[in-house]
Structure formats: structure tokens, C-alpha cells
Amino acid sequence: MRQTVLGRTVRGIVLVLFGLFFFFPLYAMLDFSTRDFQGGRTGEAWSQLLQDPTLTSAIIASLVLALLTVVGMLVLLVPTMVWVRLRVPKAKRLVEFLCLLPLTIPALVIVVGMRNVYSWVGYLVGDSIYTLAFVYVVLVLPFAYRAIDNSLSTIDVVTLSEAARSLGAGWGTVITRVVVPNIGPGLLSAAFVSVALVLGEYTIASLTNYENLQVVIALLGKSEARTSVAASLATLMFAMVLLLLLSYVGRGRSVREGKSQ
Amino acid sequence: MPSLGLLPFLGYLTVFLIVPTITVIVGAFQVDGRFSLVNIKTLFGSTAMHALSNSMLLSAATAVIGAVLGALLCYLVVNAPPTSLFRRAVLSISGVLAQFGGVTLAFAFIATLGFSGVLTELLRSTLNVDVFGSGWLFGLPGLILVYTYFQIPLMVIVFLPALEGLKPQWREAALSIGATPRQYWLQVAIPLLRPAFLGATLLLFANSFAAYATAAALVSQGQPITVLLIRAALTSEIVLGRADLAFALALEMIVVVAVVMVAYALLLRRTSRWLR
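What counts and what doesn't
Residues numbered from 1 in each chain as written. Chains lettered and ligands numbered in written order. Predicted model: local features only at pLDDT ≥ 70, side-chain atom pairs only at ≥ 80, totals over all residues. Heavy atoms only, no water. Helix = DSSP H or I, 4+ residues; strand = E, 2+ residues; numbered from the N terminus. Rg over C-alpha atoms; globule rule 2.2 N^0.38 Å. Buried < 20%, exposed > 50% of the residue type's maximum accessible area, 1.4 Å probe, protein only. Contact = heavy atoms within 4.5 Å. Lys, Arg positive; Asp, Glu negative; His and termini not counted. Charge placed at Lys NZ, Arg CZ, Asp CG, Glu CD. Phe/Tyr/Trp six-rings, centres within 6.5 Å; stacked < 30°, edge-to-face > 60°. pLDDT = per-residue confidence, 0-100. Buried area = accessible area lost by both parts, 1.4 Å probe. Salt bridge = Lys/Arg side-chain N within 4 Å of Asp/Glu carboxyl O. Polar contact = N/O pair within 3.5 Å; in protein donor to acceptor, adjacent residues only side chain to side chain. Nonpolar A, V, L, I, M, F, W, Y, C, P; charged D, E, K, R; others polar. Core = buried A, V, L, I, M, F, W, Y, C linked by side-chain atoms within 4.5 Å. Expected span 1.5 Å × (residues − 1). Bend = angle between axes of the 7 residues up to and from the residue. 1 Å grid on protein atoms, 1.4 Å probe; cavity = no way out; pocket = protein on both sides within 12 Å on 5 of 7 lines; lining within 4 Å. Points joined across faces, edges and corners; volume = space filled by probe spheres on them. Axes fitted to C-alpha atoms, helices over the stretch in contact; angles between N-to-C directions. Parallel < 35°, antiparallel > 145°, perpendicular 65-115°, else oblique. Left-handed = near helix turned anticlockwise from the far one by under 90°.

A. Spotlight on the overall build of chain A. The helix and strand tally for chain A stands at 13 helices and zero strands. Taking 2.2 N^0.38 as the reference for a compact globule, 261 residues should give roughly 18 Å; the C-alpha atoms of chain A span a radius of gyration of 23 Å, well beyond that estimate. On the principal axes, the C-alpha backbone points of chain A span a range of 75 × 70 × 30 Å. Considering chain A as a whole, with its 261 residues, one finds that 49% of them fall into the buried category. Of all intrachain contacts in chain A linking residues separated by at least 6 positions in sequence, the fraction that spans at least 24 positions is 76%. In chain A, which carries 20 positive and 13 negative side-chain charges, the distance between the mean positions of the two groups comes to 14 Å.

B. Region of the structure containing the packing of aromatic side chains. Scanning the model with the defined rule gives 17 aromatic pairs over all chains in all. Arranged with centres 5.6 Å apart and planes meeting at 55°, the rings of F21 of chain A and Y149 of chain B form a pair that is tilted. Taken as a pair, F21 of chain A in helix α1 (residues 5–33) and Y149 of chain B in helix α7 (residues 140–164) lie in two separate chains rather than in one. Its relative accessible area of 22% is what places F21 of chain A among the partly exposed residues.

C. Fine view of the confidence of the model for chain A. Confidence along chain A averages 84 in pLDDT terms, with 93% of residues attaining 70 or more. The secondary-structure element of chain A with the lowest mean pLDDT is helix α13 (residues 225–260) of chain A, recorded at 70, while helix α3 (residues 53–86) of chain A shows the highest, at 91.

D. Representation of the interface of chain B and chain A in the model. Contact with chain B, which involves 66 residues of that partner, is made by 71 residues of chain A. Buried surface at the junction of chain B and chain A, summed over both partners, amounts to about 5,900 Å²; 81% is from carbon and sulfur atoms. The largest contributions to the chain B side of the interface with chain A come from F9, F16 and F107 of chain B, which together make up 12% of the buried area. Between the two partners, chain B and chain A, sit zero salt bridges. Where chain B packs against chain A, one counts three residue pairs in polar contact (both at pLDDT 80 or more). The biggest single contributor to the side of chain B that touches chain A is helix α1 (residues 7–28) of chain B, with 14 residues. Its residues placed into classes, the side of chain B that touches chain A shows 49 nonpolar, 13 polar and four charged.

E. Geometry of the nonpolar core. Residues L77, V112, Y136 and I148 of chain A together with L143, F159 and I225 of chain B are the most contacted members of the largest nonpolar core, which totals 179 residues. Among the elements that take part in this core, α3 of chain A stands out by supplying 15 residues, more than any other. Here I148 of chain A is in contact with M73, L77, V78, M81, I183, G186, L187 and A190 of chain A, once residues within four sequence places are set aside.

F. Local environment of the pattern of salt bridges. All names here are of chain A. Across all of its chains, the model carries three salt bridges over all chains by this definition. Across the salt bridge formed by D31 and R35, the nearest N and O atoms sit 3.6 Å from each other. Overall, D31 belongs to the buried group, its relative accessible area being 11%. Overall, R35 belongs to the buried group, its relative accessible area being 16%.

G. Region of the structure containing the environment of S153 of chain A. All names here are of chain A. Relative to the elements of secondary structure, S153 occurs in the loop between α7 (132–152) and α8 (157–166). In this structure S153 comes out as partly exposed when scored by relative accessible area, which is 48%. Put simply, S153 and I183 are 30 residues apart on the chain and 9.4 Å apart in space, counted from C-alpha to C-alpha. Side-chain polar atoms of S153 contact the backbone oxygen of N150, separated by 3.0 Å.

H. Expanded view of α7 of chain A. Residues and elements named next belong to chain A. Compared with an ideal rise of 1.5 Å per residue, which puts 21 residues at 30 Å, α7 spans 29 Å between its outermost C-alpha atoms and is within 8% of the ideal. Roughly 55° is the biggest bend found in α7, and it falls at L141, with proline P142 one to four residues downstream. Taken across its 21 residues, α7 has 17 buried, putting it largely inside the fold.

I. Structural detail: empty space enclosed by the protein. All names here are of chain A. Counted by the stated rule, this structure contains one cavity of 30 Å³ or more. If you trace the largest cavity, you find it lined by M81, V84, R85, K92, V95, Y145, D149 and L152. Secondary-structure elements contributing two or more residues to the lining of the largest cavity are α3, α4 (92–100) and α7. A breakdown of the residues in the lining of the largest cavity according to their chemical character gives five nonpolar, no polar and three charged.

J. Representation of the packing of α7 of chain A against helix α10 (residues 184–199) of chain A. All names here are of chain A. At a minimum axis separation of 8 Å, α7 and α10 run at an interaxial angle of 155°. Viewed along their axes, α7 and α10 adopt a mutual orientation that is roughly antiparallel. For α7 against α10, the interelement crossing comes out right-handed. On α10, the residues touching Y136, V140, F143, A144, A147, I148 and S151 of α7 are P185, G186, L187, S189, A190, V193, S194, L197 and V198. In terms of residue class, the contact of α7 with α10 is built from twelve nonpolar, four polar and no charged.

Okay, structure coming up:
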């Protein structure tokens, strides 16, 4: 396609405007969080990140929640999805529907309705911020399901498991030692996206009065604006690295797919 | 019975997804454990209706702005070759920014356009313009601006496949029988893309309607939109003179989001007919 000079200029200007809109707020966070009040620069807000005890305990809580969520999600989803492919293919639509349902039922609705369930959870396993992992597993399901489903459809689960079964493997061995090693990239992307979502989760934690990372950042915003902006930027950077790794992992897989076809 | 293997999964989702949803639906029609339509009636009162219309306005505005600007960005991207660094960068960054909501995003804009934000001070010292004004950032106009930040990248992710699905042969065919590029766009490309575009706009609408964290972090006073009214109903027990109003408001959200998502699914089915 021929491009006129005018067309190219317009295109350039539009792209610069998009760039400004998306990157200026990020730059502003860096600038804002390193200001001192005399017009100079200071790293005080950033060093506060690891010193403020409320913040550090919230960071730890959120990281542990992310870990618990990933483990719960994998334990719940992987055996179920493999089992559906192998033994009950009729249930595929139902499982898919249930996994994608949280997209239509906002987290805010779940938090409104979950008081009864959580009074039982509190009764059974005790009252702790880590019980949030139960409901976070539900929140990450749509994204995790897609990642794992994509990965599963690139391998022939039925043949692999029949081969393993004919050599005497039990169902547990089939899942953990035959299927799982073959869908590594899918599991990795499911884990990454879950971690990113849990680290950014605010809705449920704040409305159930638990202090996870985002809740503490929001609270800090009222007293220590610079520290909360620094913490926001730090979590954002962390999530960005995770999600960029995710897109890299995804690409690695599709390159391999392309070759095998 | 192989289907017994699904029991743990079904049981888990029943407890942590289905039961809360049913609690909301049943709770909306109850007062003190008895059937009642009082809460539903409160939804049609002026406060709840005002919040709902603001939510609709916010969602519609950010969906349309996000869809138009996102489609424009897609158009600029799709002209670049698929392997170009620019195109890959836009896709990866969109993937990240579409997820970038919540408290972090609110603080990004407070650091930019808040009272002592970087852009506010820059404009104040150079052009002597007060862009902060009377605090529009913390009301509905601010929410529209801030939501646009994650709506545009979401549009890029959702709409780019449709734009990529336009085969170059169709353009060549149209041009070879004498169509001008303008005619190609108006009579071939745009009619083909319309369902995908409308579907993506609906998805953006639902995304914005259900978003909570950004609004909660940005708006600390008043309840201009439905999700913030739910926050008030949950945290202060009694809103508009009614306990349990949160259930009714949550039901309202389910209904709106479900209607929009069903329409989205129908439009998606139509697009997938030619998008292979």
C-alpha cells in the first residue's frame, strides 16, 4: 500500500498521542514517588516499601495468597480437565460454562453473596486472610481454563494415556507423570495470570476487611501518598514482567505448534 | 462411574460460586427471611436509579470511546507486518494494560492529574492552567478518563483478530472490479467487521460496568455509581433505610452484565462464521 507523506505524518502523530496517554501516567508515578518537598529527588518513599511493617506483612500475605491460589487452581482444574477429555467428553460444555461463568458474575456479586459460605469456612478452617484463596481460585478460573485448554488441545491426551495405561500406569500416574509434563507452558501461563490477578485483587479483600497488598496501598494513599504510589508502581512492574513472560511463554508454544503442522 | 471424577470440581464451584450467586438472588427477594419485594422496589427509587443511570453512562461512554480509539489503534497496527517489533510490542503492552485496573490505576492518575500531580503542576507552572479544577478527577468525568486507560487495550486484544481476519484477497477482488479503496471500506470491510465491533463494544461495556476497585480507590465520597452504592450497602449495613439492599443491587448487576454478555456471545457467533 502506498503511503503519502501526509498519511504517514498523521499516523505518527496519532501514535505519539496514544503513547503519551499510556506512558505519561507511568512516568508520573515514578516522578511523584521520588519527589521531596523542596523540589529535589529522594528515594525515601521507595525505601519505605520494605520498612513499613503493615506494607511488608501485606506483601507477604498477597504472595502467599497467590501461591495458595495457584496450587488450588492446578489441583482443582488439571485433573478435572484431563478426566473430562479422557472419560466424560460429554461434560466438556458444562465444565467450560462453569469455568467461564465468573466472567459474567462480577467479583462484587460473589462478595455480596459469600457471607454464609465464609461463616462455614471460618468455622471449619479458622478465620484468616488465607481463606480468601478459596474464592480467588474461582476468580482466576476463566483465565486459567483458557490457558490449560489451549495447551491440552495441542497434545493427544487419549493416545498418551492409553499408552501409559497399557503399560500399567494408574490414573494418578497418567495425570502427574504423562499429561502434566506435556502441558507445561499452559500450566505456566495459567499460574502467571493467576499470580497477576491475585496481586491486583482489591474488591473481595477490602469488602471482607482483610488487609492484602492492594487494600494496604489504598489505605496508605490517605496518609503517605508517595509511598502508596511507589508501591503501586512496584506491583505494576512486577505484574508487567509476569504478563510479558506469559506472552513470551505463549509465543514459544505457538512457534512449536507452527513447526509441527 | 467415570462422571464421579467430576464431583470435586462441581462441589467446589457449587460452594464458592453457585451458592453465593443463589444467596444474592434469593436475598434480593427477602426481608428478615420472608418473601418481600421491598428491596426490589427500592431499586427503582431515585438514588438507586440515579446510580444505575450513571453506571450506564460511564460504561457506555468508556465502551464507545474505548472501542473507537482501540479500533483506530488496531488499524494502525494491522498495517505493520505481523513480525514487526512495533506490532508485537503493541500486542504485549495491550495484554498487560488491559489487566491493569484497580487501585494501582487510580494512583497512576492521581499522580498525574491529582491536586499535586505531575501534569497538573507542569501545566500550572508553564501555562498557568489549573487542570485540577474542582476535583473532576474524583467524580464521574474522572472515572470515564481513567477507565478509558484499560478499555482501549482490551479493545485492541478483542478486535485485532477480526481486523486480521479480513483477507487481502477481498480487497484485491474489490479493487480489481473497479472499487475505490473508500468503497472497499464502506461496502466490504465495515459491514463484515460490524458484528465484531459491536460485540467488542458490548464486552467493554460489561467490563466497565463490573469494574469496582478503580472506582472505589478514586471516589471516596458519595456513591455516584451502582458498584459504589453496593460498597455503601455492604459497609454501613443500612442504605436508603434498608438492610440487605446489597443483595438487590447485586442482582441488578447480574441482570445487566448477563444481558450484555448474552448479546456479546450472539454477535461473536456471527463473526466466527467468516473468521476462520
